[in-house]
Amino acid sequence: MLSIYFTCQFAFAAMQLFSTEPKFVSQTIDDNISIGYGLALGDVDGDGKPDILLADKKQFVWYRNGDWKRFVMADNLTASDNVCIAARDLDGDGKVEVAVGAQWNPGETSDFTKSGSVHYLIRPKDPTQLWDAVELHHEPTIHRMQWVKSGECNFFLVVVPLHGRGNKNGEGEGVKVMAYKFPKNPRSSWTVTTVDSSMHLTHNLAIMENKTGKSTKVFIAGKEGVKLNKDFSGEAGNVNQLPGMDRASGEVRIGHLGKQQFIATIEPMHGNTVAVYISGQNTVRKVLDEQFKDGHALATADLLNIGRDQLIAGWRIPNVEHKTGIKLYVPRSNKGDEWDAYWIDDNGIATEDLQVLDLNADGKPDIVAAGRATKNLKIYWNKN
């Protein structure tokens with residue numbers, strides 16, 4: 001009887017939750033960014049609190065958790081714009097290692113001297129000062145990157161260009177998805193392996209590591225849909241098309257409905273459709289929204305503490321309602337067949353990128369987003 005009582009109480013609480021608008025309080029920490037191409041979250045100064053890192057038009061910067069003061073890490077690194085940033089503590093010292101991508105010139109796919117760059121940033125003794133940049137191998141049109149763990153102690157920087165070399169209109173040579181093995185001395189040579197070259201117009205990637213850290217899955221979104229490297233090792237091969245996921249996709253993230261996995265996408269690249277794919281014997285596609293314009297940001301997390309992940313998505317060009325913003329999609333059950341949509345930001349940000357992490361140690365994930373046309377960087381504090 002007791003277990004039945006608690007089950008009923010949980011169900012009642014869940015119904016109450018969906019009848020109440022989720023609560024987020026926005027805070028603008030910078031209203032004068034240039035573009036805000038990419039975001040990363042992690043502890044830069046070693047104080048135990050995650051900071052915000054931003055790839056802006058000509059500067060890579062970080063904002064200190066608490067006072068949110070802005071510090072420049074690298075300035076005018078290349079002739080063209082910056083485009084992406086990756087941050088993760090690789091050596092266990094409580095401070096993130098940082099890699100960046102720049103020389104953003106997507107129209108030049110052939111000349112690597114005029115398009116694309118990859119740099120590792122060497123931390124100074126005082127991280128509020130400029131960091132030293134170590135230039136690494138690159139292909140044209142570098143667009144996204146993430147640090148990926150393989151095995152117990154190996155880390156790789158996985159880098160995804162937008163186009164293959166010489167590619168025109170999404171046709172031609174495939175995109176070189178590259179893995180840079182993190183060396184003991186970052187100033188030394190890095191081993192770089194092309195782990196896949198079967199896709200075109202590759203826009204973003206998602207990482208899923210198991211709890212032991214011994215197995216990592218890498219999902220890649222592009223012209224051909226979503227492909228999976230199901231056991232990433234930093235070596236070539238083992239990349240396969242996911243069943244039922246051959247629609248062109250720009251963004252991809254992984255979430256869970258209890259024990260059930262789902263894959264979220266924005267379709268096509270810079271698209272209007274937010275969709276989820278429920279894994280199972282037969283993959284089921286569920287469209288959540290078709291009113292985006294230039295959808296460009298996606299995340300999954302259990303913001304509401306309901307035992308299943310929600311989907312956070314944003315777009316950057318005014319849609320048919322003349323709005324940009326961020327929305328939250330909440331599954332009503334672990335089946336994932338019905339979802340409710342809520343505004344996180346109604347026309348206050350032209351979303352270029354967003355990330356989710358608990359910034360104030362209250363056990364509730366918060367949202368950080370950068371706005372392109374709106375030129376703002378905002379935190380949405382989770383008050384649920």
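Residues numbered from 1 in each chain as written. Predicted model: local features only at pLDDT ≥ 70, side-chain atom pairs only at ≥ 80, totals over all residues. Heavy atoms only, no water.

Focus on the packing of aromatic side chains
Aromatic rings in a pair are described by how distant their centres are and how their planes are angled relative to each other. Applying the stated criterion across every chain, the model contains 12 aromatic pairs. Where Tyr-120 meets Phe-182, the ring centres are 5.8 Å apart and the plane angle is 50 degrees; that geometry is what we call tilted. In this pair, Tyr-120 sits in strand S8 (residues 117–122) while Phe-182 sits in the loop between strand S12 (177–181) and strand S13 (192–196), placing the two residues 62 residues apart along the sequence. Between Phe-156 and Phe-232 the ring centres are 5.5 Å apart and the planes differ by 85 degrees, which places this aromatic pair in the edge-to-face class. With Phe-156 in strand S11 (residues 154–161) and Phe-232 in the loop between strand S16 (225–229) and strand S17 (239–241), this residue pair connects regions lying 76 residues apart in the sequence. The same class applies to Phe-156 and to Phe-232, which are both buried. Pairwise contacts between aromatic rings join Tyr-120, Trp-147, Phe-182 and Trp-190 into one cluster. Across from the ring centre of Trp-343, 4.7 Å away, lies the NZ or CZ of Lys-327, which sits over that ring. (Phe/Tyr/Trp six-rings, centres within 6.5 Å; stacked < 30°, edge-to-face > 60°. Helix = DSSP H or I, 4+ residues; strand = E, 2+ residues; numbered from the N terminus. Buried < 20%, exposed > 50% of the residue type's maximum accessible area, 1.4 Å probe, protein only. Lys NZ or Arg CZ within 6 Å of the ring centre and 35° of its normal.)

Thoughts on the side chain of Asn-382
Looking at the secondary structure, you find Asn-382 in strand S28 (residues 377–382). Of the residues examined, Asn-382 reaches a relative accessible area of 2% and is grouped as buried. A polar contact is formed between the side chain of Asn-382 and the side chain of Asn-384, at a distance of 2.7 Å. (Polar contact = N/O pair within 3.5 Å; in protein donor to acceptor, adjacent residues only side chain to side chain.)

Notes on the environment of Asn-347
Tracing the backbone through its elements, the reader meets Asn-347 in the loop between strand S25 (339–346) and strand S26 (351–357). Asn-347 sits 125 residues away from Gly-222 along the chain, and the two C-alpha atoms are 28 Å apart. Beyond its immediate sequence surroundings of up to four residues, Asn-347 is in contact with His-322, Lys-323, Thr-324 and Gly-325. (Contact = heavy atoms within 4.5 Å.)

Observations concerning unusual backbone geometry
Here Glu-267 and Pro-268 are connected by a cis peptide whose omega angle stands at -20 degrees. Relative to the helices and strands, Pro-268 is located in the loop between strand S19 (260–267) and strand S20 (273–278). Positive phi is not limited to glycine here, since Asn-76 has a value of about 50 degrees. Position of Asn-76 among the secondary structure elements: in the loop between strand S5 (70–75) and strand S6 (84–88). Look at Lys-375: it is not a glycine, yet its phi comes out positive at around 55 degrees. As for its placement among the helices and strands, Lys-375 is situated in the loop between strand S27 (366–371) and S28. On the basis of relative accessibility, which here comes to 38%, the residue Lys-375 falls in the partly exposed class.

Some thoughts on empty space enclosed by the protein
For the coordinates displayed, the defined rule picks out one cavity of 30 Å³ or more. In this structure, the largest cavity encloses a volume near 40 Å³. Taken together, Asp-289, Gln-291, Phe-292, Trp-315, Asn-319, Glu-321, Lys-327 and Trp-343 make up the lining of the largest cavity. Of the residues assigned to the lining of the largest cavity, the class counts are three nonpolar, two polar and three charged. (1 Å grid on protein atoms, 1.4 Å probe; cavity = no way out; pocket = protein on both sides within 12 Å on 5 of 7 lines; lining within 4 Å. Points joined across faces, edges and corners; volume = space filled by probe spheres on them. Nonpolar A, V, L, I, M, F, W, Y, C, P; charged D, E, K, R; others polar.)

Considerations on the sheet that holds S5
Ordered by their spatial adjacency, four strands build an open sheet running S2-S3-S4-S5, and the pairing between neighbours is antiparallel. The sheet is open, and its two borders are formed by strand S2 (38–42) and S5, each paired with just one other strand. Taken over all neighbouring pairs, the strand axes of this sheet differ in orientation by 20 degrees on average, direction set aside. One ladder, built from five bridges, connects S2 with strand S3 (residues 51–55); its direction is antiparallel. Pairing of Gly-42 across the sheet is with Asp-51, part of S3. (Pairing = 2+ DSSP bridges. Axes fitted to C-alpha atoms, helices over the stretch in contact; angles between N-to-C directions.)

Looking at the nonpolar core
Of all hydrophobic cores here, the largest spans 23 residues; its most connected members are Val-118, Met-145, Trp-147, Leu-157, Val-159 and Tyr-180. Elements represented by at least two residues in this core include exactly S6, S8, strand S9 (132–136), strand S10 (142–150), S11 and S12. Beyond its immediate chain neighbours, meaning those up to four positions away, Leu-157 contacts Ala-86, Ala-99, Val-118, Met-145, Gln-146, Trp-147, Met-178, Ala-179 and Tyr-180. If you look at the next biggest cluster of nonpolar residues, it comprises 19 residues, including Leu-303, Ile-306, Ile-326 and Tyr-342. (Core = buried A, V, L, I, M, F, W, Y, C linked by side-chain atoms within 4.5 Å.)

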